[in-house]
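Spelled out, the chains give:
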Amino acid sequence: MKPMLEVTDLAVSYGDGGRTTTVLDGLSLTVGTDEVLCLLGPSGCGKSTLLRCLAGLRRPDRGEVRLRGEVVDGVPEGLAVVFQDYGRSLMPWASVARNVDFGLSRALDRAERRARTDEALAAVGLADVARQRPGRLSGGMQQRVAIARALAARPTLLLMDEPFASVDALTRADLEDLLLRVRRDYGVTVLLVTHDIDESVYLGDRVVVLSPRPARLVADLAVDLPRERDQIATRGSDAFVRLRTLAAEHLRAT
Ligand code: ADP
């Protein structure tokens, strides 16, 4: 099967006055259809830059990105992004439902948009707060709204940039399980950036470890755990501990 996403020989530098910072220099990566790929890398290595290229928000200096075989040149169809900073990604004056609806194409009629919004809010367990403003909800619930907004668009690829980094540990575990459920029910391909080794193994079908800038691929680990994950049993299993140790060793060696 053709990969969902193909990144080939990507290079990006930022120019700042006389100084040039090379962030990506020949990075290649593929993500298979229906796969959850977790990208693990040190801070500042270029993960967000990579996501910006994938989302069509930055044109690479060299190389190309293909989504379902099509070269990405501008914001592609079928892609949704969830950022860490849920607070800033939601419109505080609009209801939760309106925030979700906002992500939908105006080409859809109102009834279809309403149906998709209701379905996405139900999928993240927020049907009861559809009429509330996001500011009245906890951080974890606001991040659920952001996830619902992404899902309502029925993306084929979901990009997530440290999406659970600013919530407490219990909420984080809930959101991780929500993502796995949603992935199973919606069949969406996910590329998730995290700096949490355990999270990358818990969520991923594959974990890719990147080097410091310019980001190189230093390891590509297949996560051979049962597809159904459990916060206690999975994280306590020998296979999990082996994989998290391996990922940590690769990250430390970078
Ligand atoms: P990561 O997400 O892995 O932390 P980023 O892609 O955000 O890494 O950043 C990689 C490097 O590029 C960092 O050193 C950062 O300071 C620099 N950088 C990011 N965006 C810009 C920009 N718009 N202009 C100049 N430098 C940038």
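Placed above this text is the structure.
Just so it is clear, the model here is predicted, and its values are computed rather than measured.

(A) Focus on the pattern of salt bridges. Summed over all chains, the structure comprises 21 salt bridges. Across the pair Asp118 and Arg114 runs a salt bridge whose closest N-O atoms are separated by 3.3 Å. Within this pair, Asp118 and its partner Arg114 are both found in helix α4 (residues 110-123), separated by four residues, close to a single helical turn. In this structure Asp118 comes out as partly exposed when scored by relative accessible area, which is 38%. Between Arg172 and Glu199 there is a salt bridge, with its nearest N and O atoms 2.9 Å apart. Placement of Arg172 in helix α6 (residues 169-186) and of Glu199 in helix α7 (residues 197-203) is noted, with a sequence separation of 27 residues between them. An identical accessibility class is assigned to Arg172 and Glu199; each is buried. Members of the salt-bridge network, linked through shared partners, are Arg172, Glu176, Asp196, Glu199 and Arg235.

(B) Expanded view of helix α1 (residues 47-54). The buried count for α1 comes to six of eight residues, which makes it a mostly enclosed element. Along α1, the residues classified as buried are Lys47, Thr49, Leu50, Leu51, Cys53 and Leu54. Where α1 ends, the next residue or the one after it, Gly56, has phi of about 75°, a positive value.

(C) Seen up close, the site of the ligand. Tyr14, Val23, Pro42, Ser43, Gly44, Cys45, Gly46, Lys47, Ser48, Thr49, Arg52 and Arg213 make up every residue found near the ligand. With respect to the ligand, the side chain of Ser48 contributes an N or O atom lying 2.7 Å from an oxygen atom. Across the complex, the protein chains shield 61% of the 560 Å² of accessible surface that the ligand would expose by itself. If you tally residues by element for the shell around the ligand, the top one is α1, at four residues.

(D) Structural view of the layout of surface pockets. For the largest pocket, the calculated volume is near 670 Å³. Along its surface, the largest pocket is lined by 24 residues, and Leu79, Ala80, Val81, Gly103 and Ala153 are the ones closest to its centre. Each residue belonging to the lining of the largest pocket can be placed in one class, and the counts come to 16 nonpolar, four polar and four charged. Split by domain, the residues of the lining of the largest pocket number at least three in each of domain 1 (5-78 + 155-253) and domain 2 (91-154).

(E) Focus on the sheet that holds strand β8 (residues 189-194). Taken in spatial order, the six strands make up an open sheet running β6-β7-β8-β3-β9-β10, and their pairing is mixed. The strands lining the two open edges of the sheet, one partner per strand, are β6 (79-83) and β10 (217-222). Each strand axis lies, on average, 15° off the axis of its neighbour in the sheet, ignoring direction. Here strand β9 (residues 206-210) runs beside β10; their pairing, made up of five bridges, is antiparallel. For Val208, the partnering residue across the bridge sits in β10 and is Asp220. The sheet contacts of α1 involve β3 (36-40), β6, β7 (157-161), β8 and β9, and relative to β7 the element is tilted by about 155°. Contacting β6 and β7, helix α5 (residues 139-152) runs over the sheet at an angle of about 170° to β6.

About the cut-offs
The residue count restarts for each chain, going from 1 along the sequence in the order it is written. In view of the model being predicted, local features appear only for residues whose pLDDT reaches at least 70, and side-chain atom pairs are presented and counted only at 80 or more, with totals across whole chains, interfaces and linings using the full set of residues. Remark: hydrogens and water are excluded; side-chain values derive from all non-hydrogen atoms of the structure. We define a salt bridge as a side-chain nitrogen of Lys or Arg found within 4 Å of a carboxyl oxygen belonging to Asp or Glu. Segments assigned H or I by DSSP are reported as helices when at least four residues long, segments assigned E as strands when at least two residues long, and all are numbered from the N terminus. Three labels apply to residues, based on accessible area from a 1.4 Å probe with only protein chains included: buried if under 20% of the type maximum, exposed if over 50%, partly exposed otherwise in between. Any residue with at least one heavy atom within 4 Å of a molecule or strand is counted as near it. Two N or O atoms count as a polar contact when they lie within 3.5 Å, although within protein this holds only if one can serve as hydrogen donor and the other as acceptor, and sequence-adjacent residues are included solely when both atoms are side-chain atoms. Note on areas: these come from Shrake-Rupley sampling with a 1.4 Å probe, and a residue is covered only by the protein chains present in the view. With a 1 Å grid laid over protein atoms only, a set of points is called a cavity when a 1.4 Å probe fits there but cannot get out and a pocket when it is open yet has protein on both sides within 12 Å along at least five of seven lines; lining residues have an atom within 4 Å of a point. Grid points are joined across faces, edges and corners, and a volume is the space filled by probe spheres set on the points. The residue classification treats Ala, Val, Leu, Ile, Met, Phe, Trp, Tyr, Cys and Pro as nonpolar and Asp, Glu, Lys and Arg as charged. All others, Gly included, are polar. For the purposes of this description, domain bounds are those given by an automatic or database domain assignment. Should DSSP find at least two bridges between two strands, the strands are taken to pair. Each axis is a line fitted through C-alpha atoms, and for a helix only the stretch in contact is used; angles between axes span 0 to 180 degrees, taken between their N-to-C directions. Contacts between residues were defined by any pair of non-hydrogen atoms, one from each residue, lying within 4.5 Å.

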